[in-house]
Amino acid sequence: MKKTRNLLAISLSLVLATSALPALAAAGDGTSGFSSEPAVNGHIDNSRSRFTYQVSPGQSVSDELFVSNTGSSTIQLIVYAADAATTLDGSYDVPTNDQQPKDVGSWVAFENGAKQVMVTLKHDTAVSLPFTVTVPETATPGDHAGGLAVATITPGQGQIKVQRRIVTRLYARVQGALTPSLTITSFSSNYNPSWNPFDGTVVEQFTVANTGNVSLKAKALSQVFSAFSSQVGPKTAGDLSEILPGTSRVFAVSVPHVGQWVYLVPTVTLVPSVDADALNPGVLAHIHRDSPLWVMPYSWLVLLVFIAAVWYLIRRRIAKKNGEIAKWLTFTELDAKRKAAEG
């Protein structure tokens, strides 16, 4: 039983340790808060929100990380470098400090070659931590994404420990042939009808993979066309957060107010871009995909059945009325002939 509780405590600790806050924001509850951001000459560098380097294999770059205690009590922090990862919702994060980096995170060293440092800060104090990024001679061209994490371990109830962590992004672009490339590896669509035959929603689902060596984000423009190439429904735009080289994510976009026009052609166009403070990789090509979709016009069928039923009832009533009139005319004619014969 004791062993089971220990395993549960470890599992909960790992789950709770996965949250990362963006750089330039403070983590904590007011009592033990902290923040981190790029620094220059021992002070906060307000001109940048992340570390971005353009380097060559074998080159070394020196920089600083500014760490502050924004809480009201003394706090102990661990600072380390790691390779970047993205969560299921597209957030930028790094693993915990017990996982060894294999890429750009392993290129970072603090003073005396340390891979991680412990920092104790009193209330309202800060420290600037120098570090060096040394690029291996074998580094491949393109973006290598990672981050500098500042974390604290605070004991919780029982054996559960909660790690609060702030990640400042770190990008090292190794010189060489750049191949910025986003690819839509799969694209599908489905239609959610409405009772109104002139309304409905097309849901597009597509997987975007970064098959190049440059970190890219994109704007997704979704449209739906009829069999006659006319646009039906509005153009819908959505932002896709940054996708790191060698990774992919699934996105879904809804296009509302699309009528049940039997044959539809949903499309998506990706317009790639980079962050404002990222290095410009040059011209980025747009990506386009479509997925024809047959729609069963149930509302139209119901409407046609209703119209046919109304038409049938009206025709039947008219036929019945005409029959009654014909019978009356026949009776009147026979009655007139009878009276003429008797007279």
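Up top is the structure these notes are about.
Residues numbered from 1 in each chain as written. Predicted model: local features only at pLDDT ≥ 70, side-chain atom pairs only at ≥ 80, totals over all residues. Heavy atoms only, no water.

S.K.: I would appreciate a short explanation of the overall build of the protein chain in the present structure.
M.R.: Looking only at helices and strands, the protein chain features 2 helices and 21 strands. When each of the 343 residues of the protein chain is scored for burial, the buried share is 39%. Look at the contacts in the protein chain between residues 6 or more apart in sequence, and 73% of them connect residues 24 or more apart. Counting every atom, the protein chain has about 19200 Å² of accessible surface; 59% of that belongs to carbon and sulfur. (Helix = DSSP H or I, 4+ residues; strand = E, 2+ residues; numbered from the N terminus. Buried < 20%, exposed > 50% of the residue type's maximum accessible area, 1.4 Å probe, protein only. Contact = heavy atoms within 4.5 Å. Areas by Shrake-Rupley, 256 points an atom, 1.4 Å probe, with all protein chains shown as cover.)

S.K.: Sorry, what's going on with the nonpolar core here?
M.R.: The nonpolar side chains of a soluble globular protein tend to be buried, and buried together. One finds Tyr53, Leu65, Val79, Trp107, Phe131, Leu148 and Leu170 to be the most contacted residues of the largest nonpolar core, which totals 29 residues. Of all the elements in the fold, those that place two or more residues in this core are β4 (51-55), β5 (60-69), β6 (75-83), β9 (108-110), β10 (116-121), β11 (126-134), β12 (142-155) and β13 (161-174). In this view, Leu170 contacts Phe51, Tyr53, Tyr92, Val104, Val108, Phe131, Val133, His144, Ala145, Gly146, Gly147 and Leu148; residues no more than four positions away in its chain are not counted. If you look at the next biggest cluster of nonpolar residues, it comprises 17 residues, including Leu182, Val214, Ala218 and Ala220. (Core = buried A, V, L, I, M, F, W, Y, C linked by side-chain atoms within 4.5 Å.)

S.K.: How do you make sense of the sheet that holds strand β14 (residues 182-193) when you look at a structure like this?
M.R.: The 3 strands are arranged β14-β15-β18 in an open sheet whose pairing can be described as antiparallel. Each having just a single partner strand, β14 and β18 (248-255) make up the two edges of the open sheet. Geometrically, the sheet is characterised by an average inter-axis angle of 15° between neighbouring strands, direction not taken into account. (Pairing = 2+ DSSP bridges. Axes fitted to C-alpha atoms, helices over the stretch in contact; angles between N-to-C directions.)

S.K.: Please explain the sheet that holds strand β3 (residues 43-44) as it appears in this structure.
M.R.: Strand pairing in a sheet relies on backbone hydrogen bonds. The paired strands run either parallel or antiparallel. The strand order across the open sheet built from 5 strands is β3-β2-β5-β11-β9, with neighbouring strands paired in antiparallel fashion. Every other strand in the sheet has two partners, leaving β3 and β9 as the edge strands with one partner each. Judged from the 9 bridges that link them, β5 and β11 form a sheet pairing that is antiparallel. By the bridge assignment, Val61 is partnered in β11 with Val133.

S.K.: Teacher, can you tell me more about the pattern of salt bridges here?
M.R.: Tallied over the full model, the rule gives 8 salt bridges. Across the salt bridge formed by Asp45 and Arg48, the nearest N and O atoms sit 2.8 Å from each other. Across the salt bridge formed by Asp239 and Lys219, the nearest N and O atoms sit 2.7 Å from each other. Within this pair, whereas Asp239 is found in strand β17 (residues 236-243), its partner Lys219 is found in strand β16 (residues 216-226), the two being separated by 20 residues in sequence. Of the residues examined, Asp239 reaches a relative accessible area of 61% and is grouped as exposed. Taken together, the shared-partner salt bridges in this structure form one network comprising Asp45, Arg48 and Asp63. (Salt bridge = Lys/Arg side-chain N within 4 Å of Asp/Glu carboxyl O.)

S.K.: Mind showing me how you'd approach the pairing of β5 here?
M.R.: Every other side chain in a regular strand lies on the same face of the sheet, so the side chains alternate between the two faces. Of all 10 residues in β5, 8 are buried, a share of seventy percent or more. Looking at chain direction, strand β2 (residues 34-40) and β5 are connected through 6 bridges and run antiparallel. Paired with Phe34 across the strands is Asn69, a residue of β5.

S.K.: Is there a simple way to explain the environment of Asp277 in this structure?
M.R.: In this structure, Asp277 sits in the loop between β19 (263-273) and β20 (287-290). Judged by relative accessible area, which is 32%, Asp277 ranks as partly exposed. The residues contacting Asp277, other than those within four sequence positions of it, are Ser49, Arg50 and Thr52.

S.K.: Quick question: what am I supposed to make of a nonpolar patch on the surface here?
M.R.: On the surface, Leu303, Leu304, Phe306, Ile307, Val310, Ile314 and Ile318 cluster together into a nonpolar patch covering about 630 Å² of accessible area. With respect to the helices and strands, Leu303 occurs in helix α2 (residues 298-342). For Leu303, a relative accessible area of 34% corresponds to the partly exposed category. (Patch = residues over 30% accessible without salt bridge, like charges linked within 9 Å, V, L, I, M, F, W, Y side chains within 5 Å.)

S.K.: Looking at this structure, I do not really get the packing of aromatic side chains. What am I missing?
M.R.: Aromatic ring pairs are reported here in terms of the distance separating the ring centres and the angle at which the planes meet. Inspection of the entire model under this criterion finds 8 aromatic pairs. Geometrically, the ring pair formed by Tyr263 and Trp294 is edge-to-face, given 4.9 Å between the ring centres and 65° between the ring planes. Here Tyr263, found in strand β19, pairs with Trp294, found in strand β21 (residues 293-294); they are 31 residues apart in sequence, far enough to count as distant. For Trp294, a relative accessible area of 66% translates into the label exposed. What links up through ring pairs into an aromatic cluster is the set Phe51, Tyr53, Phe110 and Phe131. Over the ring of Tyr171 we find Arg50; its NZ or CZ atom is 4.0 Å from the centre of that ring. (Phe/Tyr/Trp six-rings, centres within 6.5 Å; stacked < 30°, edge-to-face > 60°. Lys NZ or Arg CZ within 6 Å of the ring centre and 35° of its normal.)

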